Amino acid sequence: MTKEQIFTDVQEIICDYMAVFVEEVTYDANLREDLGMDSLEIIHVVGQIEEKFDIRIDDDKIFGLNMVGDYVEEIFTQCNNKK
């Protein structure tokens, strides 16, 4: 799976949950500052990401990942390490 495919899937998850426009969910968008997500919303979105990609993001890592791109990179790394 490419980073572009992962990014598109993450965009879709965030757009569906937060009811934001796809144009707002950029690679450099900050979940809190740009997309207005609070802690519970981030946890919910991470749960959907984990389910979609069959991965597990450590709880202590979740709030260290601030940008959409941070999650794309984490997903990409975990998916490639499964091979």
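Anything mentioned here points back to the structure above.
Residues numbered from 1 in each chain as written. Predicted model: local features only at pLDDT ≥ 70, side-chain atom pairs only at ≥ 80, totals over all residues. Heavy atoms only, no water.

Q: Just checking my understanding: could you explain unusual backbone geometry for this structure?
A: Across residues other than glycine, the phi torsion is negative in most instances, and most of the peptide bonds are trans. The phi dihedral of Ala19 falls on the positive side, at around 55°, and the residue is not glycine. Residue placement: Ala19 occurs in the loop between α1 (3–18) and α2 (39–53). Although it is not a glycine, Asp54 sits at a positive phi angle of roughly 55°. Within the element layout of this structure, Asp54 appears in the loop between α2 and α3 (59–62). Asp54 sits in the exposed class, given a relative accessible area of 61%. (Helix = DSSP H or I, 4+ residues; strand = E, 2+ residues; numbered from the N terminus. Buried < 20%, exposed > 50% of the residue type's maximum accessible area, 1.4 Å probe, protein only.)

Q: In this structure, what is going on with α1? I would like to understand it.
A: Because each turn of an α-helix spans 3.6 residues, side chains separated by three or four positions end up pointing in the same direction. With 16 residues, α1 extends 22 Å between its outermost C-alpha atoms, agreeing within 8% with the 22 Å of an ideal straight helix rising 1.5 Å per residue. Inspection of α1 places Ile6, Phe7, Asp9, Val10, Gln11, Ile13, Ile14, Cys15 and Met18 among the buried residues, and these make up the whole buried set. Against α2 and α4 (68–81) lie the buried residues of α1. Of the residues flanking the end of α1, it is Ala19, one or two places downstream, whose phi is positive at about 55°. (Expected span 1.5 Å × (residues − 1). Contact = heavy atoms within 4.5 Å.)

Q: Just to check I follow, could you spell out the packing of α1 against α4 for this structure?
A: For any two helices packed against each other, the geometry comes down to the angle between their axes and how far apart the axes lie. Packing of α1 against α4 brings their axes to within 9 Å, and their N-to-C directions diverge by 125°. Judged on the interaxial angle alone, α4 and α1 are oblique. In the crossing of α1 with α4, the sense of the turn from one axis to the other is right-handed. Facing Lys3, Ile6, Phe7, Val10 and Ile14 of α1, the residues of α4 in contact are Val68, Val72, Glu73, Ile75 and Phe76. Looking at the contact of α1 with α4 residue by residue, the classes come out as eight nonpolar, no polar and two charged. (Axes fitted to C-alpha atoms, helices over the stretch in contact; angles between N-to-C directions. Parallel < 35°, antiparallel > 145°, perpendicular 65-115°, else oblique. Left-handed = near helix turned anticlockwise from the far one by under 90°. Nonpolar A, V, L, I, M, F, W, Y, C, P; charged D, E, K, R; others polar.)

Shape descriptors only; they carry no functional weight alone.
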